[in-house]
Amino acid sequence: MAAGYAQTALTNSYEFTQGGGYVLPEYPFAEPPEIRSGQVSHHPIVIVGGGLAGLTMACALARYGIAAVLLDEDNTVGVKGASSRGICYTQKSLEIFQRLGVYERIAAKGIQWSVGRTFAGKDEVYSFDLRQQSAYNLSSQPPFINIQQFYIEGFLVDRIRELGHVQLRWCNRVIAFEQNNESATLTVTTPAGDYQMRADHVVDATGSHSPFRAWAGATVTAKKGDDRWCIADVRFTRHPPVERHTWVEAPFNENRAVWQHLMGDDVWRIDYQMPPEADPQDVSREEVVRERLARQFGADCEIEIVWVGPYAYRSECIDRMRHGRVFFMGDSAKVVSPFGARGGNTGVADADNLAWKLAAVMKGRAAPALLDSYNEERHEAALQNVSVTNRTARFLRPADGVERLFRDAALGLARQHVFARQLVNTGRMAIANPYTRSSACHATGGKSVQNVGFLWEDGAMGTVNDLLQWADGRLLLLLFGDATAQALQRLQMLSETAPLRCVQVLGAEDRAAALEHVRDPQGHLQGACHVFGHAWALVRPDSYVAATGESVDAALVQALAQAMGVMGESE
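A short tour of the structure in this document, coming up. (Residues numbered from 1 in each chain as written. Predicted model: local features only at pLDDT ≥ 70, side-chain atom pairs only at ≥ 80, totals over all residues. Heavy atoms only, no water.)

A short note on helix 13 (residues 485–497)
And step 1. The first and last C-alpha atoms of helix 13 sit 19 Å apart over 13 residues, in line with the 18 Å expected at 1.5 Å per residue.
And step 2. Regarding helix 13, the residues found buried are A487, L491 and L494. Mapping the buried residues of helix 13 onto a view down its axis gives an arc of 60°, with all of them on the same face. The outward face of helix 13, more than 90 degrees from its buried face, is lined by the exposed residues A485, Q489, M493, E496 and T497.
And step 3. Those residues of helix 13 hidden inside the fold are in contact with strand 22 (475–480), strand 23 (500–506) and helix 15 (554–563). (Helix = DSSP H or I, 4+ residues; strand = E, 2+ residues; numbered from the N terminus. Expected span 1.5 Å × (residues − 1). Buried < 20%, exposed > 50% of the residue type's maximum accessible area, 1.4 Å probe, protein only. Arc of directions from axis to C-beta. Contact = heavy atoms within 4.5 Å.)

Observations concerning the environment of V289
And step 1. The topology assignment puts V289 in helix 8 (residues 286–297).
And step 2. Considered as a pair, V289 and I305 are 16 residues apart in the sequence and their alpha carbons are 9.0 Å apart.
And step 3. When residues no more than four places from it in sequence are discounted, the contact partners of V289 are C230, A232, V283, S284, I305 and V308.

Digging into helix 15
And step 1. The complete set of buried residues in helix 15 reads L556, A559, L560, A561, Q562 and A563.
And step 2. Turning to helix 15, the residues buried within the fold contact helix 9 (344–362), strand 22, helix 13, strand 23, strand 25 (535–539) and strand 26 (545–549).
And step 3. Here helix 15 starts with a cap whose side-chain oxygen sits 3.0 Å from the backbone nitrogen of A555, and that cap is D553.
And step 4. Backbone geometry just downstream of helix 15 places G565 in the positive-phi region, at approximately 75°. (Polar contact = N/O pair within 3.5 Å; in protein donor to acceptor, adjacent residues only side chain to side chain.)

Regarding the side chain of N345
And step 1. Structurally, the position occupied by N345 is in helix 9.
And step 2. Residue class for N345 comes out buried when judged on its relative accessible area of 7%.
And step 3. Within the local environment of N345, its side chain forms a polar contact with the side chain of S93, the two groups lying 2.7 Å apart.
And step 4. Every residue in contact with N345, bar those within four places of it in the chain, is listed here: C88, Y89, T90 and S93.

Brief notes about the nonpolar core
And step 1. Among the nonpolar cores identified, the biggest contains 101 residues, and M57, F97 and L186 are the most heavily contacted of them.
And step 2. Among all residues touching L186, those that are not within four sequence positions of it are V46, V48, V174, A176, F177, Y195, Q196, M197, A199, V202 and F212.
And step 3. Counting residues in hydrophobic clusters, the runner-up holds 23 residues, among them V234, F236, I270 and I305. (Core = buried A, V, L, I, M, F, W, Y, C linked by side-chain atoms within 4.5 Å.)

Some thoughts on the packing of helix 2 (residues 52–63) against helix 9
Each packed pair of helices is defined by two parameters, the angle between the axes and the distance between the axes.
And step 1. Relative to each other, helix 2 and helix 9 sit at 30°, their axes nearing to 8 Å. As the angle between them shows, helix 2 and helix 9 are arranged roughly parallel. Of the two possible hands of crossing, helix 2 and helix 9 adopt the one that is right-handed. The segment helix 2 lies against helix 9, with L52, A53, T56, M57, A60 and L61 engaging G344, G347, V348, A351, L354, A355 and L358.
And step 2. Here the residues of the contact of helix 2 with helix 9 sort into 10 nonpolar, three polar and no charged. (Axes fitted to C-alpha atoms, helices over the stretch in contact; angles between N-to-C directions. Parallel < 35°, antiparallel > 145°, perpendicular 65-115°, else oblique. Left-handed = near helix turned anticlockwise from the far one by under 90°. Nonpolar A, V, L, I, M, F, W, Y, C, P; charged D, E, K, R; others polar.)

Comments concerning the side chain of R99
And step 1. Along the chain, the position of R99 falls in helix 3 (residues 91–100).
And step 2. Residues within four places of R99 in sequence aside, it is in contact with R63, D352, N465, L468, Q469, P541, D542 and S543.

Observations regarding the sheet that holds strand 3 (residues 88–90)
And step 1. Pairing is antiparallel across the open sheet formed by three strands, whose spatial order is 3-7-4. This sheet does not close on itself; its edge strands, each paired only once, are strand 3 and strand 4 (111–113). Strand after strand, the sheet turns through a mean of 30° between neighbouring axes, direction not considered.
And step 2. Two elements, strand 3 and strand 7 (residues 144–146), share three bridges in a ladder whose sense is antiparallel. Looking at the pairing, C88 lines up with N146 of strand 7. (Pairing = 2+ DSSP bridges.)

Details of the packing of helix 2 against helix 5 (residues 149–163)
And step 1. Interaxial distance between helix 2 and helix 5 falls to 9 Å at its minimum, and their mutual angle equals 25°. By the angle class used here, helix 2 and helix 5 are roughly parallel. Here the hand of the crossing between helix 2 and helix 5 comes out left-handed. Counted together, L52, L55, T56, A58, C59, A62 and R63 of helix 2 and Q149, I152, E153, L156, V157, R159, I160 and L163 of helix 5 form the full contact between these two elements.

Quick look at the packing of aromatic side chains
And step 1. Applying the stated criterion to the full structure yields 17 aromatic pairs.
And step 2. A centroid spacing of 6.5 Å and a plane angle of 50° characterise the contact between W113 and F128, whose relative ring orientation is tilted. Residue W113 is located in strand 4, and its partner F128 is located in strand 6 (residues 123–129); the two are separated by 15 residues in the primary sequence. As far as burial versus exposure is concerned, W113 and F128 are alike and both buried.
And step 3. Plain terms: the ring middles of F236 and F297 are 4.3 Å apart, the flat faces sit at 45° to each other, and that makes the pair tilted. Of this pair, F236 sits in strand 12 (residues 220–236) while F297 sits in helix 8, placing them 61 residues apart in sequence. Each member of the pair, F236 together with F297, is buried.
And step 4. The structure contains a cluster of three or more aromatic residues connected by ring pairs, namely W113, Y126, F128 and F144.
And step 5. Directly above the aromatic system of Y64 lies the positively charged group of R63, at a separation of 4.9 Å from the ring centroid. (Phe/Tyr/Trp six-rings, centres within 6.5 Å; stacked < 30°, edge-to-face > 60°. Lys NZ or Arg CZ within 6 Å of the ring centre and 35° of its normal.)

Put into structure tokens, the structure is as follows:
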């Protein structure tokens, strides 16, 4: 091993204290060719960080056929000593994973759930079933799947290897960075020695302690909370319901909050809120944890501790998610409290957003200005998620005074009145954030399109993701209803000159006028695109609407140009 190379630390903001832990895959280190050649290599895209966001980014680029290099300082997935981490993955993330080719593996290993119940003491004060809500029930993917984060990361590694195009370099740690008008230069240390590489674009997915923030001159607005938690991953002989259970005031936890989720491998995640002055090592001792679990599940319940560790969170958001040639994503860009599953899922959405734009620019289909919309869209989402999770944190640990009065009043009312149950805030579940400030979206666009079903002409079932796969990184124009010969001719001309695929969407009995057509007898596809009647929807590769309209005219041409970064909405 090269002198001066330091092994990866065991934890990253988490502390492993008890339990048998998880067995993680280890990937072999290979000496980078730059060390032997002594040359500085050049790559279009370098991704730094092999966590959830970085691997999603790498997999998405590989699916688009774009060459990239991913550098990770470790030789495994997850975090050594704290492998469980994120567990709850939203429908939007699952739809993205389906496009990437890993959803079936996730669904086979993970646990689907849709029912959530919230208690204050022994009283149920709020409940929901996401499958009964129109925002969730039409997608081909379920509302949520619970699975340990390292499993998804491992599936992504396997998929990247299957797809090719992306080099995965393990035990490669970036120790210096600089950029100019020509390129970015990264200095990398490895067990075999150090080397340098240049890149046109750098994606920072190194997490909440990102060194790129300082290297790129980024500033961060941060707020550190004093909330303390103890996380226990356990197996039981007595199984709780397969539901999301939360307690605002748990009588078995000194009237503090508790979360309860089932994950893969028949392992339950139990999060216990601790006193703010709690000693992390003390609350995580095995005998203390077992006593806490016995109070909740009974002294006769047999318990196997898989992993236990204390956890504290902070809230922060970077000023901009693009600084020159560096794009910040995942926890490098923002850190949120874990309430509502808005952490890892937003990193997945960051990657999905940036990947198609970089691919479009690399293939000459879009103007470089399109890349600026990454910050416009995902920074808006980051700010929204920080705000939403901060409100939940204040509800769960209110300050004395107005916040505590509101919390106590909300719980009191919720015990007696159904209308007040919406005031109980144990985490507003993550959604696909809308984009209202994007130069790449018309005012009529900016909303996510669910992976709903439709019928191919032969009666077989298809989904939105099938159409996006067929479009292969191009924009997708869905034309609903009848079409004139003149409109079809215009669309054919557009398809021949622009990165666009067009499909006519018909009702059950409508007569097809276009060769490429599908049927939407129940109107699910039209509803998912947020249009009604005779209309068109321009859908991006990340399954967001770029624009909608009624006539195939100059407005469509302008929307197409705008979505490819050629012109802003104001032009």
